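Summary of the model geometry
Each chain, written out:
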Amino acid sequence: MPTYDVIVAGVGAMGSAACWQLARRGQRVLGLERFDIPNAMGSSHGINRIIRLAYFEHPSY
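All of the points below concern the structure found in this document. (Residues numbered from 1 in each chain as written. Predicted model: local features only at pLDDT ≥ 70, side-chain atom pairs only at ≥ 80, totals over all residues. Heavy atoms only, no water.)

Across its full length, the chain holds one helix and two strands. Put simply, the chain has 61 residues, and 10% of those count as buried. Summarising the internal contacts of the chain: among those between residues at least 6 apart in sequence, 17% fall at separations of at least 24. Of the accessible surface of the chain, which amounts to about 5,200 Å², a share of 62% is contributed by carbon and sulfur atoms. (Helix = DSSP H or I, 4+ residues; strand = E, 2+ residues; numbered from the N terminus. Buried < 20%, exposed > 50% of the residue type's maximum accessible area, 1.4 Å probe, protein only. Contact = heavy atoms within 4.5 Å. Areas by Shrake-Rupley, 256 points an atom, 1.4 Å probe, with all protein chains shown as cover.)

Below, the discussion takes up the pairing of strand β2 (residues 29-32). Where strand β1 (residues 6-9) and β2 come together, four bridges link them in parallel fashion. If you follow Val6 over to β2, its bridge partner there is Val29. The parallel pair β1 and β2, bridged by helix α1 (residues 13-24), forms a crossover whose chirality is right-handed. (Pairing = 2+ DSSP bridges. Right-handed = clockwise from strand over helix to strand, strands pointing away.)

Time to look at α1. For α1, which comprises twelve residues, the first-to-last C-alpha distance of 17 Å matches the rise-based estimate of 16 Å (1.5 Å per residue) to within 8%. Note on α1: the residue one or two positions beyond its end, Gly26, has a positive phi of about 95°. (Expected span 1.5 Å × (residues − 1).)

Moving on, we come to the environment of Gly31. Tracing the backbone shows Gly31 in strand β2. When sequence neighbours within four positions are dropped, the list of residues in contact with Gly31 reads Val8, Val11 and Cys19.

A few words now on the packing of aromatic side chains. Taken as a whole and judged by the stated rule, the model has zero aromatic pairs. Across the ring face of Trp20, the terminal group of Arg24 is positioned such that the distance to the ring centre comes to 5.0 Å. (Phe/Tyr/Trp six-rings, centres within 6.5 Å; stacked < 30°, edge-to-face > 60°. Lys NZ or Arg CZ within 6 Å of the ring centre and 35° of its normal.)

Turning to the environment of Pro2, a few remarks are in order. With respect to the secondary-structure elements, Pro2 resides in the segment before β1. Separated by 28 residues in the primary sequence, Pro2 and Leu30 have C-alpha atoms spaced 9.9 Å apart.

Rendered as structure tokens:
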């Protein structure tokens, strides 16, 4: 049975970058994704965008 040093939940933009950085530093990484890849359900998409809560966003943005 494989073992991992780190498990990343969600491999969108940030999760996949985390997986890559950890792996290139020698960590054994498992990235898990709930949806198909690619998908529009991540924190950087549409109404799910986390940053939207941090500042006013003009409707045409």
